[in-house]
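Each chain, written out:
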Amino acid sequence: MTSSADLLSDRPGPGILLLRLNRPERRNALATPLLQAVADALDRAGGDPDVRVVVVTGGERVFAAGADIDELAASTSCDPIASPRFDAWRRIRSFPKPLLAAVDGWCLGAGAELMMCCDIVVAGVSARFGQPETNLGIIPGAGGTATLTRLVGRALAMRMVLTGEPIDAHEACRSGLISEVTADGDTLARTLDLAALIAARSPTALREAKASIRDYSELTEDEHLLHERRRFVSLLDSSDKSEGIAAFREKRPAVWALEA
């Protein structure tokens, strides 16, 4: 395991990178340096052919409880929109490989916004999700209105943001905010099992599949179907397609080409 103090990095299995938020004294508050460290780690993982899936997690009681309150208190309306923090969020959202989250405990504010950047989210049954920013006289600033509404719909997004009240793991799963609920204590193990399953699949296909699914919020259905077809056709002459077909016919595990 390597450490950059507030962000721990490990390789728990073939093709898997595990990133652990590590500011327990601040409830894993996502200060800009920590957010940048996450973005930097994902940038490196994006160019590393040995990394096929990344898992992000926090602590047993807190995934991340929001932005850093001291940093927030010092911020003013003179802060630029295109700030280092804004750039870090952009880089995290644009990570092209599968990104999973294992969430235990509180997942609030910027923590929930980081969780929403992930493709698959597994949460412990005691996890709680919320956007409490209106109680601080501000609104969510990194997806807590834009992304949240696309994931759970207008009615629940309005309730979560306007009241600031958190929802539990089961409601989060029913609404589409997260993918799966597990017993407390099993969250990371279950997420790593999913990561291992994904890491065994074609890295080229995973990248194109993720990109195509994410097109849903930007394209009409007709446009999306056309883009999906283009991605499908672009893979028909790939080495991964040839290997996948051969492995299926020969009843053996596929050996995929390295792809960053």
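Residues numbered from 1 in each chain as written. Predicted model: local features only at pLDDT ≥ 70, side-chain atom pairs only at ≥ 80, totals over all residues. Heavy atoms only, no water.

(A) Looking closely at the overall build of the chain. Broken down by element type, the chain carries 11 helices and 11 strands. For the chain, whose C-alpha radius of gyration is 19 Å, the value lies close to the compact-globule estimate of 18 Å for 260 residues. The principal-axis extent of the C-alpha atoms belonging to the chain is close to 60 × 45 × 35 Å. The buried share among the 260 residues of the chain stands at 44%. Excluding contacts between residues fewer than 6 apart, the proportion of contacts in the chain whose partners are at least 24 apart in sequence is 67%. Looking at the chain as shown, the accessible area adds up to about 13500 Å², and 56% of this sits on carbon and sulfur atoms. (Helix = DSSP H or I, 4+ residues; strand = E, 2+ residues; numbered from the N terminus. Rg over C-alpha atoms; globule rule 2.2 N^0.38 Å. Buried < 20%, exposed > 50% of the residue type's maximum accessible area, 1.4 Å probe, protein only. Contact = heavy atoms within 4.5 Å. Areas by Shrake-Rupley, 256 points an atom, 1.4 Å probe, with all protein chains shown as cover.)

(B) Region of interest: the environment of Leu 177. Mapping Leu 177 onto the fold places it in the loop between helix H7 (169-175) and strand E11 (180-182). According to the relative accessible area criterion, Leu 177 is buried, its value standing at 6%. A C-alpha to C-alpha distance of 33 Å links Leu 177 and Leu 236, two positions 59 residues apart in sequence. Setting aside anything within four residues of it in sequence, one finds Leu 177 in contact with Met 115, Met 116, Phe 129, Leu 148, Leu 151, Val 152, Ile 167 and Ala 172.

(C) Region of interest: the sheet that holds strand E10 (residues 167-168). Here four strands make up an open sheet; going across it, the order is E5-E7-E9-E10 and the pairing mixed. Each end of this open sheet is capped by a strand with a single partner; those strands are strand E5 (62-64) and E10. Bridging between strand E7 (residues 106-108) and strand E9 (residues 128-130) involves three bridges; their strand directions are parallel. When the sheet's bridge partners are listed, Cys 107 is paired in E9 with Phe 129. (Pairing = 2+ DSSP bridges.)

(D) Representation of the nonpolar core within the structure. Core analysis: the largest hydrophobic core is formed by 49 residues, its most contacted members being Leu 21, Val 54, Phe 63, Val 103, Met 115, Phe 129 and Leu 177. Examining the composition of this core, we find that eight residues originate from one element, helix H1 (residues 32-46), more than from any other. Leu 100, Val 122, Leu 192 and Ala 199 belong to the second largest nonpolar core, which has 12 residues in total. (Core = buried A, V, L, I, M, F, W, Y, C linked by side-chain atoms within 4.5 Å.)

(E) Examining the packing of H1 against helix H3 (residues 84-93) more closely. The geometry of H1 relative to H3 is characterised by a closest axis approach of 9 Å and an angle of 35 degrees between their N-to-C directions. Considering how the two elements wind past one another, H1 and H3 form a crossing that is left-handed. Judged by residue contacts, Thr 32, Leu 35, Gln 36, Val 38, Ala 39, Asp 40, Leu 42 and Asp 43 of H1 engage Pro 84, Arg 85, Ala 88, Trp 89, Arg 91 and Ile 92 from H3. (Axes fitted to C-alpha atoms, helices over the stretch in contact; angles between N-to-C directions. Left-handed = near helix turned anticlockwise from the far one by under 90°.)

(F) Looking closely at empty space enclosed by the protein. Scanning the model with the defined rule gives two cavities of 30 Å³ or more in all. Secondary structure elements with two or more residues in the lining of the second largest cavity: helix H4 (110-116) and E9. Looking at which element gives the most residues to the lining of the second largest cavity, the answer is H4, with three residues. Partitioned by chemical class, the residues of the lining of the second largest cavity number seven nonpolar, two polar and no charged. (1 Å grid on protein atoms, 1.4 Å probe; cavity = no way out; pocket = protein on both sides within 12 Å on 5 of 7 lines; lining within 4 Å. Points joined across faces, edges and corners; volume = space filled by probe spheres on them. Nonpolar A, V, L, I, M, F, W, Y, C, P; charged D, E, K, R; others polar.)

(G) A look at the side chain of Thr 191. Along the chain, Thr 191 falls in helix H8 (residues 187-199). The residues contacting Thr 191, other than those within four sequence positions of it, are Val 55, Leu 100, Ala 101, Ala 102 and Val 122.

(H) Local environment of a nonpolar patch on the surface. Together, Ile 69, Leu 136 and Ile 138 give the surface a local cluster of nonpolar side chains, amounting to about 250 Å² of exposed area. Structurally, the position occupied by Leu 136 is in the loop between E9 and helix H5 (146-152). (Patch = residues over 30% accessible without salt bridge, like charges linked within 9 Å, V, L, I, M, F, W, Y side chains within 5 Å. Salt bridge = Lys/Arg side-chain N within 4 Å of Asp/Glu carboxyl O.)

(I) Up close: the layout of surface pockets. Taken as a whole, the largest pocket encloses approximately 1200 Å³ of empty space. What lines the largest pocket is a set of 37 residues, and nearest its centre among them are Ala 67, Leu 72, Arg 85, Ile 138 and Gly 141. Broken down by secondary-structure element, the contributors of at least two residues to the lining of the largest pocket are helix H2 (69-74), H3 and H4. Among the elements that take part in the lining of the largest pocket, H3 stands out by supplying five residues, more than any other. A class-by-class count of the residues in the lining of the largest pocket yields 18 nonpolar, 10 polar and nine charged. Considered as a void within the structure, the second largest pocket measures approximately 900 Å³ in volume. Along the wall of the second largest pocket there are 33 residues; nearest its centre are Met 116, Cys 118, Asp 119, Arg 214 and Tyr 216. Contributions of two or more residues to the lining of the second largest pocket are made by H4, strand E8 (120-124), H5 and helix H9 (203-214). The dominant element in the lining of the second largest pocket, judged by the number of residues it contributes, is H9, at seven residues. Residues that form the lining of the second largest pocket fall into these classes: 19 nonpolar, five polar and nine charged.

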